[in-house]
Structures are given as C-alpha cells and as structure tokens.
Amino acid sequence: MEELNQREIEVKWQKKWKEEKTFEPKVDENKEKYFGTVAYPYANSILHIGHGRGYTAPDIFLRYQRLQGKNVLFPLGYHISGTPVLAVSDSIKRGDQEQIKRTKDALREYVQTEEEIETLIESFKDPMNIANFFSGTIEDSLDSIGVSIDWSRQFSTGDANYQKFIEWQFKKLDEAGVLVQGKYPILYSAADQNAVGEDDIKDGDTDKVTLSEMTYILFKLKDEEEYVAIATLRPDALFGTTNLWINKQGDYVKVSVDGQTWIVDKEAVVKLEHQFDEVKVISEHKGEEFLDKVCITPLIDREVVIYDADFLDPNHGTGIAYSSPAGSPHDFMGLQDAKKEGRVPEDLVPIVSVETTDKKGNIIEYKGSCAAEDKCLKFNITSSTDPKLEDAKQELYKEEHYGGKLNSEAGEFAGMYIKQAKDKVKEKLVGLNLAGTFYETSRRAVTRGGDKVLVACLDGQWFLNYKNQETKDKALSVLDQMEYQPHKLKATQEGYLNWVEMRPCARKRGIGTPLPQDTEWVIESLSDSTIYQMLYLVYGIISREKITSEKLTSEVFDFVMLRRGQVTEVSGGSGISEEVLNEMQAQVTYWKSFDLRYTGGTHLSNHLSFLIYHYSLIFDQEYWPKKVAVGGMLIRDGHKISKSKGNGLPLVQVPKQYGADLYRLYVALAANFDVEMDFREEDIKGLSKKFDRFKDLISLSLEQEKVEYSTLSSTNKWLVSRFYSRVEEYKEFFDSMRMREAYVSVFYEFMNEINYHQRRTSEEETSKVLRFIVEDYLKVMTPVIPHICEEFWSKLGNESSISLEMLSTDTEEFIDKEIEELEEIISTLVTSISRELENKPEAKMISIIQARTQRFELFDTLKGLLSQGGKPDFKKIMGELNQRFGDDKKFIQKFVPKTLGSGLSFYLSQEDERTLLEDTIDFFKAEFSVDFEIVNAEDVEMNSGTLVPGRPQVVGR
RNA sequence: GUGGGGGUAGCCAAGUCAGGUCAAAGGCGCUGGAUUUAGGCUCCAGUCCGUUAGGUUCAAGGGUUCAAAUCCCUUCCCUCACACCA
C-alpha cells in the first residue's frame, strides 16, 4: 500500500464514509439505539474554528457510543429563521462595505472567481439566497473535520415541510392552552411602524440598547384636575422632593391619557401614544406658563413649586423632573446652579428622607447638609455638568440601596429599606392611580435609517404562558428524569423552569413560520426550535419519498409522532401511502427522543427551558429527552473569536492547516468540554509531535507478527496490563462524559509508559507488545482521531470500518495487578536512582536499602488491622500500633493516618522484595553504568525515618 | 438589579460533588543529560524551600476534623448570561 500523508488519508476516509453511508443508521431492533443532537448551526455565514469544537466534542462522545456497540444517530439541519439572515441581507442592500467585505471573504473559501462572488453578493439581497448558500457550506465544513453526521435527514427551518411541523407544534401548544395574547413592551420605530432589533439600530451591535423600566408619578396641580407627569427610576426619592423642574423655553402639552389630564413635554407624546391606550393632545403650552405653579406631592401632600431648569432633556422621560437633591448629586448640583442664577428662592434646601448605615451598622455621618453634598465634596464636583457626577451617583445609590432606610419624611414608609421601598412606594401610588410603568430606552437611539427608537407596548402580542403550576409541574417531571452534564446544571435548569413565565413567541418581522392562529405574526426563532429533533427521525423518509408540504397535515404528525389515528384514514386524508406512514411511525418509535443534546451554556435559560416545556406538553413520557451536556466556547490565543478581530479561521481551513485528526485531538485534550477553551498555536504545535510519535509507534508495530499472550515476558505483560487498565479507566471516564481525562490517560500517560517500556526492554519488544494490543489501541483512539485509525485498521487487513467496530469486552484476563505493582516498585527505583546520580555524579556504587525488618512487621500488623472491615477505627489502630511498636512512634504518628483512606500501598515480604531487586539488578547496571548492592537498613548507618516496605531507598557513594 | 461560573506552582490546566500515599495528573516553558558534525526532532531526569531530616503551599482570614486544595463561615478579586436575541 502506498504511503499517504495525513491530509490525503483524511480526505480518503471522509469520501469513503459518505459513499458507504457509514453514519446513516437504520432501525435495528437488535441494537440499542443512541440518538445524539446538537443545536443546528445558523446559516448566515460559514463556520469557523470555534464552531468546530461544538461539533467535535459531541462527535467524540457519539463515536464512543458506537464503540460500545450502539446504533448511533447524529443528524443535523440548518437554522435560518429570525433576523440574522435578514440583517446580512439588509446590510448588503444598504451597501455596508464592512459587511460586504466580510461576506466576500467567507465566499472565497468556496467560490473561485471574483465574478461569481459579485454575482452571489448581488443575489444576497434576497435573504433566502444567503440561507441556501451557506447551508451548503456547513455540511462541507463539518465533513472536513470528520464529524459523523447523518446528512440524509437534513432540513432547514425555512423549508415548507419544516414549517408544517412547526404549525403542528403550535396547534399542540394551543390545545395545551399555553398560547395566549397580551400587551408587551418592545423597541419600536414609529416611522417604520415596526419592531426593531439590534441590527436595525445604529451602532446597536456595539452599544446595546435595552428597555429601561421607569415609574411615572403624577403631581396634581393645586386646585386643578390636572397632573404634572414625571418619570423616574427611583420612586422612593419622592419623599425628598423639594420642587419640580420645567424648561420655560420648552414646548409642553396637556394631554389626555386614559381619562386623566397630564402635562408633559411635547416630545413625550409619541411615546405615550405607543404605551397607553387612549392618548389625545388637548392643548399646547410654553414651559413658562407653568412656572411657579404649586403641585401636590402624592402620598405626603407636600406642596412643591415648579421652577425653571435649562438642563432638562425633552427626549428623556416626560421632559419634566422632580428634584430630590438630598439623595441625588445631579439634583443637588442642579439646585446649587439654580440658586446662583436666582431661578429658585435662597431658602430652598434639600430634604433628607434617607438614613444610611454602613456595613457595620453605624449610621453614616454626611458632611454638609445631605448625602449628595457629601459626595459632591468628596468627588470635588463644582458644577451640574461635571462628568464625575455619574461616579458620585453610583457610589451613593449603591450605599443607599444596601444600607439606606427611609426616615420620618416618608410617612407610613418610614423605616423601610430602600431596596424594598422602591417597589412598595410604586405599588401604593399605582393603587391611587397616581403612578404606573413608563418604558424608556436605555440610551438615545435611532434606527439605521435615522428614525427615533422608542418603546411601544404591543397589543395582541402572542405569548407562550408557562406560568401555571400545572404546566410547571409537568415540565419539572420531564427534568426530573433527565441527566445533566455537569450535574450541577440540573439545579440551574430547575431554577430557570420556575423563573420563565410569559414568553413572547411571535414577531412581526424576520424569517419563519407564520403563526397558524394569526398569520400576521411569524413564529419567533427560538420558539420554532424546541422539539424539532423529532423531525429528523422522519425527515429522511420525507426527502426520499419527496413528500410535499401540503401532504404533511396535522393528522400525519399526530399519527407519526403521537401514534394517534388510524393509518387508513390518515393515508386517505394526506395522500401518503400507508406503508410510508407506518415506516415513519416506526422511526419515531425506535429512536424515540434524544439521548444526548450538546449545547452552549447560554441556552439553559431559554432554548432548553422551552424545549423541556414543549416536550412535556406534547409528548408522552416514553418520548421525553434524556440528557443534556453543556459545552464551552473556544477562544484563540486568549482572545474571543469575533467578526471585528477577524480571528475566526474558517473551519474548512482547519484540516488544511493542522489536520482534522490533530485538531480533534487538541480539542479533546486541551480543556474539559464544559469550560472555555483557549486554542493556542503553541500548544497545537507541541501536540503535533506527540501525534507523530503515536503514528510512528503504530506503524512500527504493524510490521510485527502478533504473538500469543502466554509467550510474552512479564515486563511485556506489564505494558499489556497497563493498557487494559487504562482502557477500563477510559470507559469509566467516557461514561461520565469526561473525554479529556479519558484521552489524557490512553494518549499522554500511556505513551509515557510506552517510553518507559522501550527503555526497560527494546524498541522491538515494545513494538511486539503494541502489535498485541494494536486493534484495541486503535479502537480507543478512533473517536478522537478517526481518519488515521481507519487507515491503520485497513492496513491490518480489515474490510469493515473501524468507526462501527465494538471495543473488546473480555480483556480482564490481560490485567495483572501484581505485575503492575511489581513494576511500580522498579520504576520508582529508576527515578530515585537517576535523582541520586544527579546529586552525586561521582558515585561508583549505588546501595538499594530495604526497610528494617520491624517495618515489615509493622506493615503486616497494620494491614491486618485495616482489613478488619468497616470504617477503620483510628484510635484503636493507633493505640495498638503504638503499643507493639513503641520505639517507632514518630513514624506511626506521621504515616499511619494517611493509610486510613485507601489503605496500604502494595508491598512484598522482605525476602520477596529482595529477590525482585536481585532480578532487576542487571537492568539497573545497564541503565546507569554503576555498581549496585542490596542491603538492609539495619546494616547501614543512616536515617531511615520514612523507609518503608515497597519503597527501598537509594544511596550512592 | 436577578441568576450563574471561577481564583491551584513560571504559564495553561486536572483534582473539590463522595476529606486520607496530594508537594498536588497532564501539557507548555525552563535547566541538565543522552543522541547528533551542529541545530532541530526524539528520549531521560529535574523544575516551592532545604544536601537529607524536615519546612511552607492550592486568592485571604477563620472554623470543623485524628486528617482539608477538597466541608462550613467571612472577605477580596475576576468572569458570564439575562427575553424577542440566536
């Protein structure tokens, strides 16, 4: 057979797997099934090196399941619903050069000429073309790193057939009574009359805009049935109100809001219109018309006056503010400035309404008239425009939030902590019809088109309602029978299930399935990705039979997924043959739900929560999901992979630059899969050497003839035994999804033992042993480096694919613990001798000193005591030993407690130990080129404080 | 604000749930050696302090225990996710 390089080997086997449909499993009642899934990738660009980890990790685990003889299904589709594809398309339409360049770079991985690229870019003005193009690249990318996916079942969330399934899902949810309508605040553009997402907002990706929930409070004008409306984040500051601010130059209106007359800035009207039901402007006014009017502070009936302020932002809140200077550095400085300019009377002073204690419970004494003044002094603030005000505010708010209590100014709220008072005050005011929720954007924002972004409360928003206890209980019982990896995430998940209440599930923009109950709306892209794993089970047949969407009626899914209805009727109603319907149902019955879902940790709160709810609402217990494993991100050389950094090496480049096997090996070894992993150029280079050594070792071994186990020397049996001990360990690690530890053991650590063995014997002997274990060695390595293992496997003359082989199970006969323990004594000695010679390079003679006879007796006694069963009785053991070996108290005190856990380590009798050492002396001589002697501790002058059986001491002279 | 994750030697990173042969796996780096004309590769050894005995370590402090990186409490620091966004 001609020698192929790594790259050629990888391509060769990838092709072969595809041709032979190696990873397209069939229903097989005689084989245990294992159904693994991963979140389908989003098809708005090509995959990069970071994505690779998310597929490699589960692939390694699923390939291990095949080694266990299981029938493994690992399907995948593509996600295109929602806004990201739209966003790319819009950017291209807009002529966003950065986006166009990025997209072109991605295209270059797959398209040869610039002409074709231009054509494609042009076609991307239709978002569906983007989705279709990139879907195609995903299969290619994942194949290139050897992910064992069954592509015959692929679909995209934009497919008509997929959408029929989603429609069915929503009908089921509706039947379960969780689909409801209500009001909901969202970011909105009044000009576009549409919801806006991050991608629609100018700089929305770099400077996020969020909803900020404010409280509006109404101050009644004295002797009039009109209210001045202010909006605040701190309703508890109401009690410190000294006055209201209005801009005398500003334009204000009287507006009727749900029956009340409010005075607000003109700019606020559009916001009110989108957040309240009935909003109507009554009249327009200049700010100065309201100056010096008296208002009533709600709850405490304090009369406050409206004064002029030039610092108000007409776009923020209602454009009118209350001033609570004692607790707000901004208000305090505002007041100072106003005094200087004579806009307020001299005698207007801060009203302290909060008393704050520090962490030790002592009341904080503030300098000046109030806390805000103290902070202004501390931060050296002298004007109302000082940027340091923000820091002062943060510090004071934090202090008051944790340690502040309202004082007697707060009437019935006196004594209440600020933390609770915020909500309680608001609650009370709402009850009086003098306050409510008012939403504001977290920063001033405009759309890319330049229109103002505001908050609108949408009427008729569709929700999934997970609030009811009955619904929650069902979901919790699904969770109850699930396993999480890492385990502690199960508790986290439970928290999320309890926390989720009303989830908006449809939007007015984006790609997706129209909501069957109300086709004005499109099903939101996380809600359409919850139980879709079930669709894989039948999609192979749907594609093969070219079934079209109009045939996929609800009855079909009821029959296939839930075994409801009669096949004859369903067939008649849909036009799908009975045979095919039965075949589809059989797939679902066999594969049931997924045994593993591998996903990112951020999905716990949303995707996985909905998934669990939806399974619980639609499927019977037999079809509930089994296991969730959470994987971490991949970063490169300490940096997050991001578009702007351009450090996302395209995944298809990975096999070219490093090799698929090496990449996979690296992913398996560099970090536990559940934590963030740093892909470091340095490290993968180092690993490459070890990988080459592995290949050399296997190649050499293949030149050997396989021999009988009984003919192997005991040192050779040692290596065999070490290998199979490690295989046992490997299985345990894998069973608890600790892939990294499994491979540290069989790859790194075992290779160290191979090296030791080679030194202990010879290269040829080592090859002989490796030949003996090579089949199983290749098998345990197959999940992580499948290509090279296939190649070696075929060199051994096998016709079948190693990917579908089973790991040998009857290997206990090759594990010989005694041989391992004996060699352990030798190898420890080798290390000690090296060390001694390092310290005394001039030594000509090495003495190997055995422990005193009495120590052997002590060990025998201790062994007897420890083996008495049950938990070792510390006091009894110490007592007995001290009595019998009184002159060794110091040693007993120090050494014996350590043995209470896992017992004494292995040791031989004094005579047997001596025999072993004598037998090994030739090896030592050859290895170190000095003379050796074996002596007893009794016979030499030395401090033998810690010298114990099984660990002779080494002294050179 | 709400809810998570974490701090281990020069660096990366296991170990913590189930306390005990834990001065703490593995890798990288570094030092020395073997091999080599030399370098590289590969292999061997060392890498908290100390020549041994021993001493001092797992963010800091305290506690429980015969025994603590591991359990409990306190403090400090880093980090992630929070709803229409996949």
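That block above? That's the structure.
Now for a description of the structure that goes with this document. Here, residues in each chain are numbered from 1, in the same order as that chain's written sequence. Whichever chain is written first becomes A and whichever ligand is written first becomes 1, with later ones labelled in order. Two thresholds apply to this predicted model, a pLDDT of at least 70 for residue-level local features and 80 or more for giving and counting side-chain atom pairs, whereas whole-chain, interface and lining totals are computed over all residues. To obtain the side-chain values, all non-hydrogen atoms of the structure were included, while hydrogens and water were left out.

**So, the overall build of chain A**
Strands here are runs of E lasting at least two residues and helices are runs of H or I lasting at least four, both read from the DSSP assignment and numbered beginning at the N terminus. The helix and strand inventory of chain A stands at 31 helices and 28 strands. Using C-alpha atoms as the atom set, the radius of gyration is obtained and then compared with a globule rule of 2.2 Å times the number of residues to the power 0.38. For chain A, whose C-alpha radius of gyration is 37 Å, the value lies well above the compact-globule estimate of 30 Å for 957 residues. Overall, the C-alpha framework of chain A stretches about 110 × 80 × 55 Å when taken along its three principal axes. Scored against the burial criterion, the 957 residues of chain A give a buried share of 54%. Contacts between residues were defined by any pair of non-hydrogen atoms, one from each residue, lying within 4.5 Å. At a minimum sequence separation of 6, the contacts of chain A that also span at least 24 residues come to 76%. Each residue is placed in one exposure class: buried if its accessible area under a 1.4 Å probe, protein chains only, is under 20% of its type's maximum, exposed if it is over 50%, and partly exposed if it falls in between.

**As for the pairing of strand β3 (residues 179–189)**
Here β3 runs beside strand β17 (residues 453–465); their pairing, made up of 10 bridges, is antiparallel. Bridged to tyrosine 184 within β17 is leucine 458. Where β3 and strand β4 (residues 194–195) come together, two bridges link them in antiparallel fashion. When the bridges of β4 are listed, tyrosine 188 appears paired with alanine 195. Between any two strands, at least two bridges found by DSSP are needed for them to pair. Hairpin geometry of β3 and β4 is characterised by an intervening segment of four residues between the two adjacent antiparallel strands and by a positive phi of about 50 degrees at glutamine 193.

**Description of the nonpolar core**
Put simply, a nonpolar core is a bunch of buried Ala, Val, Leu, Ile, Met, Phe, Trp, Tyr and Cys residues held in one set by side-chain atoms that sit within 4.5 Å of each other. Ranked by internal contacts, the top residues of the largest apolar core, which has 206 residues, are Phe619 and Met781. Here methionine 781 is in contact with Leu665, Phe694, Tyr743, Val746, Phe747 and Cys789, once residues within four sequence places are set aside. Val228, Phe239, Val354 and Val425 belong to the second-largest nonpolar core, a separate cluster that totals 53 residues.

**Some words on the packing of aromatic side chains**
Planes of paired rings set the category: under 30 degrees apart is stacked, over 60 is edge-to-face and the rest tilted, where pairs are Phe, Tyr or Trp rings (Trp by its six-membered ring) whose centres lie within 6.5 Å. Following the criterion strictly, the structure yields 54 aromatic pairs and no others. Relative to tyrosine 532, the ring of tyrosine 40 lies with its centre 3.9 Å away and its plane at 15 degrees, an arrangement referred to as stacked. With a gap of 492 residues between them, tyrosine 40 in the loop between β1 (33–38) and α2 (49–67) and tyrosine 532 in the loop between β21 (522–523) and α15 (533–544) connect regions that are remote in the sequence. Judged by relative accessible area, tyrosine 40 falls into the buried class, the value being 7%. Of the residues examined, tyrosine 532 reaches a relative accessible area of 1% and is grouped as buried. What links up through ring pairs into an aromatic cluster is the set Phe694, Tyr709, Phe723, Tyr724, Phe747, Tyr748, Phe750, Phe772, Tyr777 and Phe814. In this structure, lysine 592 packs its charged tip against the face of tyrosine 623, placed 5.9 Å from the ring centre. Stacked on the ring of phenylalanine 891, the Lys or Arg arginine 855 has its end atom at 3.7 Å from the ring centre. Any Lys NZ or Arg CZ found within 6 Å of a ring centre and within 35 degrees of that ring's normal is scored as a charge over the ring.

**Examining the packing of helix α23 (residues 714–735) against helix α27 (residues 817–839)**
When two helices pack together, their arrangement is given by the angle between the helix axes and by the axis-to-axis distance. Their axes nearest at 9 Å, the elements α23 and α27 cross at an angle of 110 degrees. Between α23 and α27, the crossing angle belongs to the class labelled roughly perpendicular. Residues Ser714, Thr715, Lys717, Trp718, Ser721, Arg722 and Ser725 of α23 lie in contact with α27, whose contacting residues are Lys817, Ile819, Glu820 and Glu823. In this classification, Asp, Glu, Lys and Arg are treated as charged, Ala, Val, Leu, Ile, Met, Phe, Trp, Tyr, Cys and Pro as nonpolar, and every other residue, Gly included, as polar. Residues belonging to the contact of α23 with α27 are distributed by class as follows: two nonpolar, four polar and five charged. Geometry is summarised by axes, namely lines fitted to C-alpha atoms with helices restricted to the contacting stretch, and by angles between N-to-C directions that run from 0 to 180 degrees. Angle categories: roughly parallel below 35 degrees, roughly antiparallel above 145, roughly perpendicular from 65 to 115, and oblique for all the rest.

**Examining a negative patch on the surface**
Only residues above 30% relative accessible area that lack a salt bridge enter a patch, with like-charged residues linked at up to 9 Å and the nonpolar side chains Val, Leu, Ile, Met, Phe, Trp and Tyr linked at up to 5 Å. Here the open area of atoms and residues is found with the Shrake-Rupley method and a 1.4 Å probe, where only the protein chains shown may cover a residue. The working definition used for a salt bridge is a side-chain nitrogen of Lys or Arg within 4 Å of a carboxyl oxygen of Asp or Glu. Asp and Glu count as negative and Lys and Arg as positive, but His and the ends of the chain are not part of the count. By convention, the point assigned to a charge is CZ for Arg, NZ for Lys, CD for Glu and CG for Asp. Negative charge collects at one region of the surface, where Glu818, Glu821, Glu911 and Asp912 lie side by side. For the negative patch, the elements supplying multiple residues, two or more each, are α27 and α31 (910–928). Checked against the element boundaries, aspartate 912 lands in helix α31.

**Some details on the state of the cysteines**
By definition, a disulfide links the sulfur atoms of two cysteine residues through a covalent bond. Cysteine sulfur atoms that come within 2.5 Å of each other are treated as a disulfide pair. Here the structure, examined in full by the defined rule, presents zero disulfides. With no disulfide of its own, cysteine 370 has cysteine 376 as its nearest cysteine by sulfur position, at a separation of 7.9 Å.

**What about the sheet that holds β4?**
Across the sheet, four strands lie side by side as β4-β3-β17-β19; this open sheet has antiparallel pairing. The sheet terminates laterally at β4 and β19 (502–504), the two strands that pair on one side only. Where β17 lies against β19, three bridges are found, and the strand directions are antiparallel. Among the inter-strand pairings, leucine 464 is bridged to a residue of β19, identified as arginine 503.

**Describing the environment of histidine 316**
With respect to the helices and strands, histidine 316 occurs in the loop between β12 (302–308) and β13 (321–323). Classification of histidine 316 as partly exposed rests on a relative accessible area of 43%. As a C-alpha pair, histidine 316 and threonine 210 span 106 residues in sequence and 14 Å in three-dimensional space. Leave out the neighbours within four places in its chain, and histidine 316 touches Met214, Lys271 and Glu440.

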